[in-house]
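In case you want the letters, here they are:
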Amino acid sequence: MNPDIFRERQGATFDVEKLTHIVDGCPEKTRRRREIESLVLNDPDFQQEDPNFLSRSERYDRAVKKSAQMIVKLREYGIADPEEIYFYKSVFRGHHQEALGLHFVMFLPTLYSQCDPQQFKKWVPLAESFQALGTYAQTELGHGTHLRGLETTATYDPATQEFVLNSPTVTSIKWWPGGLGKTSNHAIVLAQLYTQGNHRGLHAFIVPLRSMNTHEPLPGIVIGDIGPKFGFDDVDNGYLKMENVRIPRDNMLMKYAKVAPDGSYEKPPSAKLTYGTMVFIRSMIVGESSRALSKSCTIAIRYSSVRHQSEIRPGEPEPQILDYQTQQYKLFPLLAMAYAFHFVGQYMTQTYHRITGDISQGDFSELPELHALSAGLKAFTTWAANAGIEVCRMSCGGHGYSCSSALPDIYVNFTPTCTYEGENTVMMLQTARYLLKSYKQARAGHQLSGIVSYLNDADLRMVQPQPVSARPTVVNINDLASLVEIYKLRAAKLVELAAKNIQQDLHHRKSQADAWNNSAIDLVRASDAHCHYVVVKIFSAKLTEIGDTAVHSVLSTLALLYALQGIVQNSGDFLLADLLSVPQMLQVSLRLKELLSQLRPNAVALVDAFDYRDELLNSSLGRYDGNVYEHMFEWARKSPLNRTEVHESFHKYLKPLQAKL
C-alpha cells in the first residue's frame with residue numbers, strides 16, 4: 001500500500017466500519033451487501049474486457065449478454081428482495097448501463113402500480129418471465145417534460161373494442177426511451193386518449209412492438225436506435241413511430257382511469273396517478289446523485305492524498321495536494337454534499353413508500369407534496385452533483401481526463417439525469433407551483449402540514465422588512481438548529497417574493513401566464529431555497545440518530561460545512577433577507593476554513609466509509625492501495641492501439657507520404 005494513504009487511514013479519528021453501517025442502514029445490510037458484491041466479483045462471467053476499448057455495437061452486445069446472465073444468476077442465488085436485487089445489479093453493471101434497465105425500473109413498476117386485477121394477472125407474469133421485454137415510451141421528438149404537449153394519439157374504436165395508436169406528426173415520434181431501439185418487444189406508451197369524440201388527456205397503454213417469437217417489428221411499428229450519444233453507449237435508446245397500430249381495449253392501464261366497451265370514460269381520482277412511475281424514478285435519482293458524487297469524491301480524495309506537487313514552503317519536499325487549502329475547498333464541501341444527498345435519498349425512499357402505501361389504501365392527500373418534493377429534489381441534487389463530479393475530475397489535474405480515472409464515465413452517465421424524467425428547470429417550476437399554492441392557502445388561513453408547514457407563519461415575519469433593531473444580531477453559526485432556522489426563513493422569504501412579484505404583474509393587468517413567466521427566475525430561486533432547506537434539515541435530523549460519539553462528531557462537522565458552504569454560495573439571499581449581517585458572513589467564511597482543517601485528517605476515512613471496492617470504482621486514481629501510477633501504466637498498455645508495435649496506418653499513409661516528399 002502507498003505509504004501516504006496508509007498514514008491517512010492511521011490518522012482517522014473514528015471507526016470507518018461504524019460509519020459504513022450508518023450509510024447502509026445497519027450492520028446486517030452491510031454484511032449482506034458485501035456478500036452480494038462478492039457473489040458478482042468472484043463470478044468468472046464478471047471478468048470482461050474494459051468497455052473503453054470496445055466499439056458501440058460490442059458494448060451493446062455485452063450489455064445484453066450481461067443482462068441475460070444477471071437475470072439467470074439472480075434466480076440461481078434466490079435473490080428476490082428489491083434492495084438486494086439493486087445491490088446485485090449495480091455491481092454487475094459497474095459504471096455502465098444494462099440493456100434491460102427500463103424493464104426493471106419503469107416497465108415492471110408501472111404494471112405493478114397501474115394494472116387492474118385482470119391486467120395484473122395477464123401482464124405481470126409475462127414481464128417477470130421476460131417474455132414481455134418492456135420499456136417506457138413517453139418522450140417525443142418535439143416534447144419531453146411538457147407532458148400535456150405530447151402528440152401521440154390513442155383513439156378508441158367501439159366497433160372493434162380497440163385503441164388505434166398513431167404518431168400523427170414528425171414531432172410525435174417517441175424518442176429516447178432506453179431499450180426501445182433493439183431490445184424491447186413491448187412498451188408502456190403515453191398517449192392522448194380520445195373516446196366518444198372527446199379528448200380525455202394523457203393515459204398509459206401496453207403496446208406490443210415486436211413479435212415475442214421472432215423479435216421482428218409488428219405491423220405499423222417503425223422502430224430503431226437513435227444513434228451515438230454523449231454517453232450510455234451500452235444502451236439502445238430508440239425511436240418509435242406508430243401507424244394505425246391497433247391494440248385491445250384492455251391494453252389501456254385501467255387501475256384508475258377506465259374506458260368501458262361502449263367507449264364511456266371514468267376518470268382517475270387524481271390526474272397525477274398517471275405519472276406515478278416518474279415520481280418513483282425521480283425519488284431514485286436523488287439517491288443516484290449521492291452515489292455518483294460519492295464515487296467521484298472517493299477517487300479525487302484518494303488521488304489527492306498520494307499526488308505530490310509544487311511547494312508550500314520553498315526547499316521542502318512536494319506536499320500531498322490534499323494539504324493545499326484550495327484543494328480542500330474544492331473537495332470537502334462536495335464530500336459533505338455526498339453524505340447530505342445520501343441521507344436525503346434514504347428519506348425520499350421512505351417517504352415514497354409511505355405515501356404510495358397510503359395511495360393503495362385510497363388516500364391521495366399527500367400525492368401533490370410527493371410530486372413536488374420529488375421534482376424539486378431531483379433537480380436540486382442532480383444539478384449540484386453534476387457540477388461536483390466535474391470539479392472532482394478537474395481536481396485530479398490532467399489524469400482526471402483519462403478514462404482510466406473513471407471520472408469521464410461517471411460524468412457522462414450521470415449528466416443525463418439533469419434532463420431525463422423532467423428537465424430540471426421545469427421540475428423546479430413544478431415545485432414552485434406547489435409552493436405558491438401552499439403559500440396562498442396559508443395566507444387564506446389554512447393550516448399547512450408536511451414539509452411546507454413553515455409557510456404557515458411566513459407572512460407574520462416576512463411581509464415587512466425588519467427594522468435594524470429587530471434584525472438578528474446573533475446567529476450561532478456553530479449550531480445546526482440555528483442554521484436550519486435561517487435556511488427555512490430564506491425559503492419563506494423567496495417564496496413570498498415570487499408570489500408578490502406575480503401579484504404585482506396581475507395588478508398591472510398582465511395575464512396569469514405572462515405574470516408567471518415574468519417571475520420564472522424568482523420561482524426557480526424559491527424552489528431551490530426550499531430544497532436546500534429540506535436537505536439541511538434532513539442532514540441535521542439524521543445526526544440525532546447517531547449514538548457513536550466519534551462518528552457523530554465527524555458527521556456533525558460535515559453537516560456544518562454543508563450548511564455554511566450553502567450560506568457562502570447564497571450570501572446575497574441571507575443578507576437581503578436580514579438573516580445574517582456582513583460581520584456574521586465574515587465569521588462564516590472564517591469558520592468554513594476551520595472546518596476544512598478539522599476534516600483534513602479524516603478525509604480518506606470518510607470516503608473509505610462509502611465502501612466502494614476497487615472493482616466497482618474501476619479507477620486507476622481511486623484505488624484503495626493508492627498505487628495509482630503503476631495501475632495507470634498497466635491500463636494504458638492494454639489499449640488496442642498497442643497490440644502491434646507498428647500500426648498499419650504507417651505503411652498505408654505515412655511511409656508513402658515520405659516517399660512522395
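Reading the values: the criteria
- Residues numbered from 1 in each chain as written.
- Predicted model: local features only at pLDDT ≥ 70, side-chain atom pairs only at ≥ 80, totals over all residues.
- Heavy atoms only, no water.
- Helix = DSSP H or I, 4+ residues; strand = E, 2+ residues; numbered from the N terminus.
- Core = buried A, V, L, I, M, F, W, Y, C linked by side-chain atoms within 4.5 Å.
- Buried < 20%, exposed > 50% of the residue type's maximum accessible area, 1.4 Å probe, protein only.
- Contact = heavy atoms within 4.5 Å.
- Pairing = 2+ DSSP bridges.
- Salt bridge = Lys/Arg side-chain N within 4 Å of Asp/Glu carboxyl O.

## Side note on the environment of histidine 446
Point 1. With respect to the helices and strands, histidine 446 occurs in the loop between α12 (424–443) and α13 (458–462).
Point 2. Each C-alpha atom, one on histidine 446 and one on histidine 342, is 33 Å from the other, the two residues being 104 residues apart in sequence.

## With respect to the nonpolar core
Point 1. Grouped together as the largest cluster of nonpolar side chains are 148 residues, with contacts concentrated most on Leu19, Leu111, Tyr339, Tyr562 and Ile567.
Point 2. Sort the elements by how many residues they give to this core and helix α9 (residues 325–360) lands first, with 16 residues.
Point 3. Excluding its chain neighbours within four sequence positions, the residues that come into contact with leucine 19 are Phe14, Tyr339, Val551, Leu555, Leu606 and Ala609.
Point 4. Within the second largest apolar cluster, 23 residues are counted, among which are Val189, Val207, Met252 and Met254.

## Quick notes on the sheet that holds strand β7 (residues 221–225)
Point 1. Spatially, β4-β8-β7 is the arrangement adopted by the three strands of the open sheet, whose pairing is antiparallel. Each edge of the sheet is formed by a strand with only one pairing partner; in this case those strands are β4 (174–175) and β7.

## Digging into the pattern of salt bridges
Point 1. Counting across every chain of the model gives 37 salt bridges.
Point 2. The salt bridge partner of lysine 241 is glutamate 243, with a shortest N-O separation of 3.1 Å.
Point 3. Of the residues examined, glutamate 243 reaches a relative accessible area of 39% and is grouped as partly exposed.
Point 4. Between arginine 600 and aspartate 323 there is a salt bridge, with the nearest N and O atoms lying 3.0 Å from each other. One end of the pair, arginine 600, is in the loop between α19 (582–599) and α20 (603–608); the other, aspartate 323, is in the loop between α8 (276–306) and α9, with 277 residues separating them in the sequence.

## So, unusual backbone geometry
Point 1. Phi at arginine 509 takes a positive value of approximately 65°, unusual for a residue other than glycine.
Point 2. For arginine 509, the position within the fold is in the loop between α14 (480–507) and α15 (512–518).
Point 3. For arginine 509, a relative accessible area of 81% gives the class exposed.
Point 4. In this model, aspartate 578 sits at a positive phi of 60°, which is unusual for a non-glycine residue.
Point 5. Along the chain, the position of aspartate 578 falls in the loop between α18 (571–576) and α19.
Point 6. Accessibility expressed as a relative area gives 15% for aspartate 578, which makes it buried.

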